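Notes for the structure review
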Amino acid sequence: MLHSRPDENEVEQDCYHSSVFSEEILNFPKYHLNEESVDPELAYRIIKNDLMDEGNARQNLATFCQTDMEPAAVRLMAETLEKNAIDKSEYPQTADLEKRCVNILADLWNAPKDKAFIGTSTVGSSEACMLGGLAMKFRWRKAAESNGLDIYRKKLNLVISSGFQVCWEKFCVYWDIELRTVPVDENHLAINLDRVMDYVDEHTIGIVAIMGITYTGKYDDVKGLNDLVEIYNQKADYKIPIHVDGASGAMFAPFASPDLEWDFRLSNVMSINTSGHKYGLVYPGIGWIVWKDQEYVPQELIFDVSYLGGSIPTMAINFSRSASQIIGQYFNFLSLGFSGYQRIQLRTRRVAMFMASEIEKTGLFELINDGDNIPIVCWKMKTDKKWNLYDLADRLRMSGWQVPAYPLPENLQKTVIQRVVVRQDLNRQMATLFIEDLKRAITDLDQARILFSSSEDEIKVHGFTH
Ligand SMILES: *Cc1c(COP(=O)(O)O)cnc(C)c1O
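Residues numbered from 1 in each chain as written. Predicted model: local features only at pLDDT ≥ 70, side-chain atom pairs only at ≥ 80, totals over all residues. Heavy atoms only, no water.

Examining helix α10 (residues 389–397)
An α-helix turns once every 3.6 residues. As a result, residues three or four positions apart point the same way. L389, Y390, D391, L392, A393 and L396 are the residues of α10 that are buried. Sitting at the amino-terminal end of α10 is N388, which places a side-chain oxygen 3.0 Å from the backbone nitrogen of Y390. (Buried < 20%, exposed > 50% of the residue type's maximum accessible area, 1.4 Å probe, protein only. Helix = DSSP H or I, 4+ residues; strand = E, 2+ residues; numbered from the N terminus. Polar contact = N/O pair within 3.5 Å; in protein donor to acceptor, adjacent residues only side chain to side chain.)

Next up, the structure:
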């Protein structure tokens with residue numbers, strides 16, 4: 001968020017009053033630095049109090065981000081906060097843990113043995129997508145130069161379904177690329193394979209497939225896309241790569257659907273990113289990107305940092321950050337192993353499918369996703385009611401649940417849906433409570449005399465949609 005000077009109204013309140021048990025009421029300026037120091041324990045309690053009225057993270061069914069970790073992981077992460085991930089020379093063991101994580105992911109994503117994969121940790125998928133996009137841009141440029149194409153004649157473009165996450169729009173704005181979106185429609189809530197190749201031309205740097213569309217939880221058909229790209233590439237000068245944005249799915253599918261082919265098994269999948277803090281089960285922020293082979297990462301994007309008297313290559317947009325999230329990721333890999341991850345992901349999916357079937361049984365909603373891919377359940381209204389999904393979201397908030405309602409992307413904006421993201425800390429018992437609260441909310445809305453929304457088809461974004 002960007003912040004600026006407080007407005008007049010806020011300046012009047014530039015003081016907050018806090019008290020902690022027997023302490024006198026304490027007054028602090030809010031928007032400038034207090035003159036005197038505050039005892040650390042007291043400062044802790046004051047700030048803790050300040051944060052009291054935020055939502056309960058585990059009832060936030062809007063976010064994909066982890067809201068619960070093992071106490072041993074939290075201890076380990078708290079004890080390693082001071083380690084700087086970029087300082088490979090001072091923290092060679094930490095660098096080694098990162099290397100192990102990249103290797104584990106390359107293996108989970110079936111990196112071919114005869115190629116030299118390369119990858120790195122990032123702050124999240126957004127940074128990873130920037131790196132993936134940049135690698136495609138630089139690679140295109142190099143190939144275009146040797147193919148004798150005028151690289152400045154036309155703006156370059158990137159092809160993706162209109163269900164993209166905002167990081168791709170950012171990538172395109174920041175690095176001056178045209179974002180070409182293949183619209184979703186009623187029959188294609190993921191990338192439309194009948195139309196996608198119409199968007200490709202010789203200035204296309206790559207196609208992004210999404211494993212886990214943020215809006216609906218659907219998987220793009222990456223295998224089908226790969227077949228189309230294969231045919232195109234046989235005749236094209238520039239062989240179009242596929243980047244898989246697996247922010248949520250790349251840590252879910254390997255465990256829950258190991259036979260689904262979406263990863264480096266496919267000939268044109270060049271790079272894959274994921275968010276360690278989504279189904280990698282780590283607190284934010286940690287992300288990863290792996291390229292199938294070093295040849296996909298142009299040399300000019302790689303910088304050397306010193307490491308044990310020598311140097312090692314790095315590729316990142318950020319420089320200094322704590323290594324504790326990397327260590328948390330390795331903790332999960334080590335402590336859960338393949339079977340632990342699989343147990344959690346399958347259980348999470350069962351909870352999602354249970355919620356989906358209960359939601360469907362109310363008879364009021366049509367399911368758009370039943371949690372069968374990533375464990376996301378979403379639905380729209382089927383019957384005519386005086387209330388809409390925004391009202392239902394407001395009502396659920398009264399029992400602490402955050403369940404956003406929002407319009408579908410470009411072309412389907414008239415359809416408003418509601419979405420639940422099931423994470424490992426939403427167990428069957430909590431899901432049952434949620435369903436009870438949902439039914440109560442429906443009864444209340446049916447009987448309510450005051451309705452807050454103005455019109456049925458009013459479009460507004462409500463809550464978090466990430
Ligand atoms: C969440 C998400 C992102 C952004 O990930 P962060 O780790 O939050 O930066 C990108 N793409 C998709 C498909 C996502 O779901």
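After presenting the structure, the write-up continues.
Looking at the site of the ligand
Contacts to the ligand come from 13 residues, most closely from S126, D245, S275, H277 and K278. Within the backbone of S125, a nitrogen or oxygen atom sits 2.8 Å from an oxygen atom of the ligand. A distance of 2.7 Å separates an oxygen atom of the ligand from a polar atom in the side chain of S275. Protein coverage of the free-state accessible area of the ligand, which is 390 Å², stands at 90%. (Near = heavy atom within 4 Å. Areas by Shrake-Rupley, 256 points an atom, 1.4 Å probe, with all protein chains shown as cover.)

A look at the pairing of strand β8 (residues 269–275)
For β8, a buried count of seven out of seven residues is recorded, marking the element as mostly surrounded by other parts of the structure. Two strands pair when backbone bridges link them, and β8 and strand β9 (residues 287–291) are joined in this way by five bridges, in the antiparallel orientation. Counterpart to S271 in the pairing with β9 is W291. (Pairing = 2+ DSSP bridges.)

Quick look at the nonpolar core
By size, the foremost hydrophobic cluster in this structure holds 58 residues, and its most contacted members are W109, I207 and W262. Here the element with the most residues in this core is helix α9 (residues 324–361); it accounts for seven residues. In terms of domain composition, this core takes at least three residues from each of domain 2 (75–332) and domain 3 (346–447). Contact partners of W109, with chain neighbours within four places excluded, come to A250, P254, W262, D263, F264, R265, I272, N273, T274 and V290. (Core = buried A, V, L, I, M, F, W, Y, C linked by side-chain atoms within 4.5 Å. Domains from an automatic or database assignment. Contact = heavy atoms within 4.5 Å.)

Comments concerning the sheet that holds β8
The pairing of strands in a sheet comes from backbone hydrogen bonds and takes either a parallel or an antiparallel form. Here we have seven strands laid out as an open sheet, ordered β3-β9-β8-β7-β6-β4-β5, and mixed in their pairing. For this open sheet the edge positions go to β3 (118–122) and β5 (178–182), each flanked by a neighbour on one side alone. With direction set aside, neighbouring strand axes in the sheet form an average angle of 20°. Each of β3, β4 (157–161), β6 (204–210), β7 (242–245), β8 and β9 touches helix α5 (residues 125–146); the most contacted strand, β9, lies at about 25° to it. (Axes fitted to C-alpha atoms, helices over the stretch in contact; angles between N-to-C directions.)

Let's talk about the pairing of strand β11 (residues 310–314)
Two elements, strand β10 (residues 303–307) and β11, share five bridges in a ladder whose sense is antiparallel. Paired with V305 across the bridge in β11 is I312. Taking the residues between adjacent antiparallel strands as the criterion, β10 and β11 are bridged by two residues, where L308 takes a positive phi near 45°.

Focus on the domain arrangement of the protein
According to the domain assignment, the protein contains domain 1 (10–52), domain 2 (75–332) and domain 3 (346–447). Between the C-alpha centres of domain 2 and domain 3 there is a distance of 31 Å. Where domain 2 abuts domain 3, roughly 1800 Å² becomes buried across the two surfaces, and 62% of that area is made up of carbon and sulfur atoms. The largest contributions to the domain 2 side of the interface with domain 3 come from Y215, F252 and Y279, which together make up 32% of the buried area. The tally of links between domain 2 and domain 3 comes to zero salt bridges. Across the domain 2-domain 3 interface, the total number found is six residue pairs in polar contact (both at pLDDT 80 or more). Along the lines of polarity and charge, the residues of the side of domain 2 that touches domain 3 split into nine nonpolar, ten polar and three charged. (Buried area = accessible area lost by both parts, 1.4 Å probe. Salt bridge = Lys/Arg side-chain N within 4 Å of Asp/Glu carboxyl O. Nonpolar A, V, L, I, M, F, W, Y, C, P; charged D, E, K, R; others polar.)

Quick look at the sheet that holds strand β13 (residues 376–381)
Ordered in space as β12-β13-β15-β14, the four strands form an open sheet in which the pairing is antiparallel. Edge positions in the sheet fall to β12 (365–370) and β14 (405–407), since each of these pairs with one other strand and no more. Pairs of neighbouring strands in the sheet enclose a mean axial angle of 30°, with direction left out of account. Where β12 lies against β13, five bridges are found, and the strand directions are antiparallel. Opposite N369, over in β13, you have C378 as the bridge partner. On the sheet, α10 packs against β12, β13, β14 and β15 (416–421) and is oriented at approximately 35° with respect to β15.

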